[in-house]
Amino acid sequence: MPPRPAVRTQRTVASSPYQRIARELREEISAGRLLPGDRIPAIAKLAAIHGVSIGTAHRALASLSAEGSVKVVPGRGATVVEPE
């Protein structure tokens, strides 16, 4: 058996599934395919589209919400906001 590497390999943050989903949604917003007021698919649908868990899809939306790209209203979903 080959020896283990001395340094653990770690995925970069940019390759995390939630970061990938957030990046794709951010690109859709930047390109004008998602306009202010447009609804983002529900978390369960995002999870199914991207083949990830609901928690991962939720984390992607939480990331976009924290940066001010989308507004999330519990029970109503997420919408794209006007850029400031």
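Nothing here was measured: the structure is a model prediction, and the numbers come from that model.

Colleague: Can you walk me through the overall build of the protein chain in this structure?
Modeller: When its secondary structure is counted, the protein chain shows three helices and three strands. For the protein chain, the succession of helices and strands along the chain, N to C, is α-β-α-α-β-β. Classification of the 84 residues of the protein chain by burial places 24% in the buried group. When contacts within the protein chain are restricted to residue pairs at least 6 apart in sequence, long-range pairs at least 24 apart make up 53% of them. Summing over all exposed atoms, the protein chain offers an accessible surface of approximately 6,200 Å²; the carbon and sulfur share of this is 55%.

Colleague: Would you mind showing me how to read the nonpolar core here?
Modeller: Most often, soluble globular proteins have nonpolar side chains that are buried together. Within the largest apolar cluster, 16 residues are counted, with the highest numbers of intra-cluster contacts made by L25, I40, L46, L61 and L64. Breaking this core down by element, the ones donating at least two residues are α1 (17-30), α2 (43-50), α3 (54-66) and β3 (77-80).

Colleague: Can you help me understand the sheet that holds strand β2 (residues 70-73) in this one?
Modeller: Strand pairing in a sheet relies on backbone hydrogen bonds, with the paired strands running either antiparallel or parallel. Sheet architecture is open: three strands sit in the order β1-β3-β2, paired in antiparallel fashion. Single-partner strands in this sheet number two, and they are β1 (39-40) and β2.

Colleague: Looking at this model, I keep getting lost on the side chain of S69. Mind explaining?
Modeller: Within the secondary structure, S69 is located in the loop between α3 and β2. A polar contact is formed between the side chain of S69 and the side chain of E67, at a distance of 2.9 Å. The contacts of S69, once residues within four sequence positions are left out, are I29, L64, T79, V80 and V81.

Colleague: When you look at the pairing of β2 in this model, what are you seeing that I'm missing?
Modeller: Successive residues of a regular strand alternate their side chains across the two faces of the sheet. Across four bridges, the pairing between β2 and β3 is antiparallel. Each bridged residue has a counterpart across the sheet, and for V73 the counterpart in β3 is G77. In sequence, β2 turns back onto β3 through a hairpin of three residues, with G75 there showing a positive phi of about 85°.

Colleague: Just checking my understanding: could you explain the packing of α2 against α3 for this structure?
Modeller: Helix packing geometry: the angle between the two helix axes and the distance between the axes. For the pair α2 and α3, the least separation of the axes is 8 Å and the interaxial angle reads 110°. Between α2 and α3, the angle is such that the two are roughly perpendicular. Taken as a pair, α2 and α3 cross one another with a handedness that is right-handed. For the pair α2 and α3, contact is made by I43, A44, L46 and A47 and by I54, A57, H58 and L61, respectively.

Scoring rules and cut-offs
Residues numbered from 1 in each chain as written. Predicted model: local features only at pLDDT ≥ 70, side-chain atom pairs only at ≥ 80, totals over all residues. Heavy atoms only, no water. Helix = DSSP H or I, 4+ residues; strand = E, 2+ residues; numbered from the N terminus. Buried < 20%, exposed > 50% of the residue type's maximum accessible area, 1.4 Å probe, protein only. Contact = heavy atoms within 4.5 Å. Areas by Shrake-Rupley, 256 points an atom, 1.4 Å probe, with all protein chains shown as cover. Core = buried A, V, L, I, M, F, W, Y, C linked by side-chain atoms within 4.5 Å. Pairing = 2+ DSSP bridges. Polar contact = N/O pair within 3.5 Å; in protein donor to acceptor, adjacent residues only side chain to side chain. Axes fitted to C-alpha atoms, helices over the stretch in contact; angles between N-to-C directions. Parallel < 35°, antiparallel > 145°, perpendicular 65-115°, else oblique. Left-handed = near helix turned anticlockwise from the far one by under 90°.

What is shown is where atoms sit, not what they do.
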